[in-house]
Amino acid sequence: RFLYDDDALFVGARMSKRPGSRIQASMARRDKVDQSEHLLVAFDTFLDRRTAYVFGVTAQGVRVDRYHARDDETVFDETYDMVWEAKTTMDAAGWTAELWIPFSQLRFDAKKNLVWGLNIHRYTPTLNEDDYWAPVPRTVRAWSSRFGTLTGIERLRDRRLHRRERAGGGGVGHTL
């Protein structure tokens with residue numbers, strides 16, 4: 001689920017697991033998620049089909065963020081550390097992730113109605129399984145050119161103007 005207010009995008013996801021299976025989620029440093037079950041959410045905020053911001057989290061709560069400067073899933077800058085938050089919980093049925101991504105951490109054109117490229121990737125190491133919302137074939141060097149679209153982000157205020165007005169209270173929430 002995707003929600004937003006004047007300041008941030010919120011992503012909520014529920015990952016189920018097979019009964020009796022385990023979730024592989026060890027503690028690690030930020031951006032080091034190779035052997036842990038994790039979820040990545042990627043945005044092509046200019047819809048240029050070349051660049052992408054990626055935010056992700058392991059089932060244990062280790063955050064990962066990357067910037068893809070070109071259309072190649074395997075080439076990215078993991079030193080691109082943005083300011084955002086993620087929380088996770090695990091239970092017998094699987095795990096849940098909640099991401100809070102401030103719009104101030106993303107670059108995008110200020111338009112009345114935004115259309116972004118979107119992909120979601122879940123990796124389950126116990127099954128050696130990669131699941132994508134918009135599949136990227138293993139034989140193709142691509143990433144953002146294969147994304148689906150995220151629509152429904154509307155009427156975002158200019159962040160500079162909004163900071164001056166913020167003294168009076170909170171924003172209105174919106175659901176996509």
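Residues numbered from 1 in each chain as written. Predicted model: local features only at pLDDT ≥ 70, side-chain atom pairs only at ≥ 80, totals over all residues. Heavy atoms only, no water.

A.B. asks: Can you tell me about the packing of aromatic side chains, naming the residues and giving the values?
C.D. replies: Here the structure, examined in full by the defined rule, presents 13 aromatic pairs. Taken together, a centroid distance of 5.1 Å and an interplanar angle of 85 degrees make the contact between Trp143 and Phe147 edge-to-face. Three or more aromatic residues link up through ring pairs in this structure, and these residues are Phe2, Tyr4, Phe43, Phe55, Trp84, Phe103, Phe108 and Trp116. Lying over the aromatic face of Trp84, Arg63 brings its terminal NZ or CZ to 5.3 Å of the ring centre. When the ring centre of Phe76 is taken as origin, the NZ or CZ atom of Arg66, which lies over that ring, is 4.1 Å away. (Phe/Tyr/Trp six-rings, centres within 6.5 Å; stacked < 30°, edge-to-face > 60°. Lys NZ or Arg CZ within 6 Å of the ring centre and 35° of its normal.)

A.B. asks: Talk me through the side chain of Arg66; I want residue IDs and the actual numbers.
C.D. replies: For Arg66, the position within the fold is in strand E5 (residues 63-68). Notably, Arg66 is buried but unbridged: the nearest opposite-charge side chain belongs to Glu78, and the N-O separation is 4.8 Å. For Arg66, the residues in contact, after removing those within four places along its chain, are Val33, Leu40, Ala52, Tyr53, Val54, Phe76, Asp77, Glu78 and Met82. (Helix = DSSP H or I, 4+ residues; strand = E, 2+ residues; numbered from the N terminus. Buried < 20%, exposed > 50% of the residue type's maximum accessible area, 1.4 Å probe, protein only. Lys, Arg positive; Asp, Glu negative; His and termini not counted. Salt bridge = Lys/Arg side-chain N within 4 Å of Asp/Glu carboxyl O. Contact = heavy atoms within 4.5 Å.)

A.B. asks: So, the confidence of the model for the chain: which residues are in play, and what are the values?
C.D. replies: Taken over all residues, the pLDDT of the chain has a mean of 87, while the share at 70 or more is 85%. Per-element confidence in the chain is highest for strand E7 (residues 94-102), whose mean pLDDT is 97, and lowest for helix H1 (residues 159-165), whose mean pLDDT is 45. Contacts of residues 160-172 to residues separated by more than four positions or lying in other chains number nine contacts, the stretch itself having pLDDT below 50. (pLDDT = per-residue confidence, 0-100.)

A.B. asks: Describe the nonpolar core, and please don't skip the residues or the numbers.
C.D. replies: Ranked by size, the top nonpolar core spans 31 residues in total, and within it Phe43, Phe55, Leu99 and Trp116 carry the most contacts. Listed by contribution, the elements that provide at least two residues to this core are strand E1 (2-4), strand E2 (8-16), strand E3 (38-44), strand E4 (52-58), E7, strand E8 (113-124) and strand E10 (148-154). Ranked by size, the runner-up nonpolar core spans ten residues in total, among them Ala52, Val54, Val136 and Trp143. (Core = buried A, V, L, I, M, F, W, Y, C linked by side-chain atoms within 4.5 Å.)

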